[in-house]
Every structure is written in structure tokens, then in C-alpha cells.
Amino acid sequence: KILFLAAAIVTSACAFKTTGVYSNLKIGQVAPMADLKMNDVKGNEISLMEAKGKNGLLVMFSCNTCPFVIGNGEKSQGWEGRYNDIVKTAAKAGIETILVNSNEAKRDKGDSYDDMVKRAASMSYSANYAIDKGHVLADAFGAKTTPHIFLFDADLKLTYQGAIDDNVDNKSKVKVHYLQEAITAMSKNAEVKIKETKPVGCSIKRISVSN
């Protein structure tokens with residue numbers, strides 16, 4: 001039992017490592033494909049450049065189907081229930097938010113555009129929710145999971161990427177609010193202390209292209 005507990009603790013600690021290479025983007029790098037037009041759930045076309053607030057942009061790769069997003073019954077709350085609070089916190093700092101669905105391989109299994117419209121309405125999303133057709137934006141970012149978070153400053157330079165916080169299962173048990181702390185630092189023109197954490201979630205469901 002002791003060995004099992006020790007292994008569980010090690011596994012939990014590794015799930016939120018704060019060093020490593022987790023995407024194509026390095027801290028300080030400008031967001032790629034910022035002019036790419038994507039359809040949002042309101043029927044409009046929007047790009048990252050257009051979505052950006054005066055002090056920055058928060059890009060959250062998300063979906064309608066992953067338990068790390070929507071929760072898993074009594075086992076886990078998931079992160080989706082924290083989205084609107086995050087959007088509000090970011091907005092107060094002059095940072096706008098866009099949610100991006102890149103699950104191209106699940107368009108007929110819960111992640112279609114129509115499904116996105118329904119999900120955004122049912123959860124009262126307060127941020128833009130756009131479809132990334134062919135996961136081209138996710139590929140440019142090297143986004144790995146739902147969710148996978150990328151926080152950019154006013155010049156669209158990356159300041160933080162990774163997980164929202166350190167406890168997907170229970171909001172009340174979060175010990176480190178990675179994203180919130182990064183937003184707070186940006187709002188004070190201070191350096192973000194934890195710049196990268198390992199993104200934790202379901203893999204983005206990409207399609208394979210055969211020659």
C-alpha cells in the first residue's frame with residue numbers, strides 16, 4: 001500500500017511538471033497564423049488578431065467531449081466550469097479570450113459546429129468559441145490537449161502555456177492557479193514566474209492524411 005501511494009504521488013506530481021517542451025511555441029514567440037479566419041458559434045468569422053484585447057489574448061484549445069473539459073460525473077468536475085471565471089479575470093486585465101475546437105476527427109461524434117453552438121449556449125460561454133477546420137491552428141501552435149492554454153501579451157508574444165491549474169477534479173482543492181497567476185503578473189507588468197506547465201487533458205483528435 002505504501003509503494004502504491006508513493007507511486008500515485010509521483011504520478012500526480014509529474015502530471016503538472018513546470019519544465020519541458022510542450023508545443024511548437026517558445027516563450028516570447030509571436031502567435032502564428034494570427035490572421036487565420038475561423039467561424040465562431042455566433043456565425044461570424046474571427047481571427048486571433050481580431051479577438052485580441054488591448055493587453056493580450058488567451059487562447060484555449062477546448063472541445064465538447066473530453067472529460068478533462070466537461071467533467072466525469074462525481075469523479076471529476078473538469079475545467080469547463082471555470083472557463084467563464086477565467087474569461088472574466090482576463091477581461092479585467094484587458095485580455096480577451098477565444099476558445100478553439102480543433103477536434104477534426106470527432107466532428108461527427110460530438111464536436112461538430114452545431115454541437116459547438118449548442119455547447120456554448122448550454123454552458124453560457126462568455127468568450128468566442130471558434131472551429132479550427134483541419135486543425136491548422138492547433139498544428140501551428142503544436143497544441144496537444146483539450147484543454148491546452150496559451151496566454152499572449154499585447155504584442156501577441158507568448159507569456160504562458162500549459163494547464164489552467166493543478167487540479168482538474170475539484171476547483172476547491174486547487175493549490176496553484178497557473179493561468180490566473182500569469183494573468184495577474186501580466187496585469188502588473190511583472191514577469192510570469194511559472195511560464196510553462198505540462199498540458200493535461202485528452203489528445204486533440206486530428207485526422208491522418210494519406211498520400
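Residues numbered from 1 in each chain as written. Predicted model: local features only at pLDDT ≥ 70, side-chain atom pairs only at ≥ 80, totals over all residues. Heavy atoms only, no water.

Draft legend 1. Spatial organisation of the environment of lysine 37. Relative to the assigned elements, lysine 37 resides in the loop between α1 (2-15) and β1 (38-40). The class of lysine 37 is partly exposed, set by a relative accessible area of 42%. For the pair formed by lysine 37 and serine 47, sequence separation is 10 residues and the distance between their alpha carbons is 4.7 Å. Excluding its chain neighbours within four sequence positions, the residues that come into contact with lysine 37 are Glu45, Ile46 and Glu50. A distance of 2.4 Å separates a polar atom in the side chain of lysine 37 from a polar atom in the side chain of glutamate 50. (Helix = DSSP H or I, 4+ residues; strand = E, 2+ residues; numbered from the N terminus. Buried < 20%, exposed > 50% of the residue type's maximum accessible area, 1.4 Å probe, protein only. Contact = heavy atoms within 4.5 Å. Polar contact = N/O pair within 3.5 Å; in protein donor to acceptor, adjacent residues only side chain to side chain.)

Draft legend 2. Structural detail: the packing of aromatic side chains. Counted according to the given criterion, the structure contains 6 aromatic pairs. Ring geometry for phenylalanine 61 versus phenylalanine 150: centroids 5.8 Å apart, planes at 80°, classification edge-to-face. Of this pair, phenylalanine 61 sits in strand β3 (residues 56-62) while phenylalanine 150 sits in strand β7 (residues 148-153), and the two are 89 residues apart along the sequence. Under the relative-accessibility criterion, phenylalanine 61 is labelled buried at 1%. A ring pair is formed by phenylalanine 141 and phenylalanine 152, whose centres lie 5.8 Å apart and whose planes are at 85°; its orientation type is edge-to-face. Of this pair, phenylalanine 141 sits in helix α6 (residues 136-141) while phenylalanine 152 sits in strand β7, placing them 11 residues apart in sequence. Of the two residues, phenylalanine 141 and phenylalanine 152, neither departs from the other in class, the shared state being buried. (Phe/Tyr/Trp six-rings, centres within 6.5 Å; stacked < 30°, edge-to-face > 60°.)

Without other data, these values stay purely geometric and don't point to any function.
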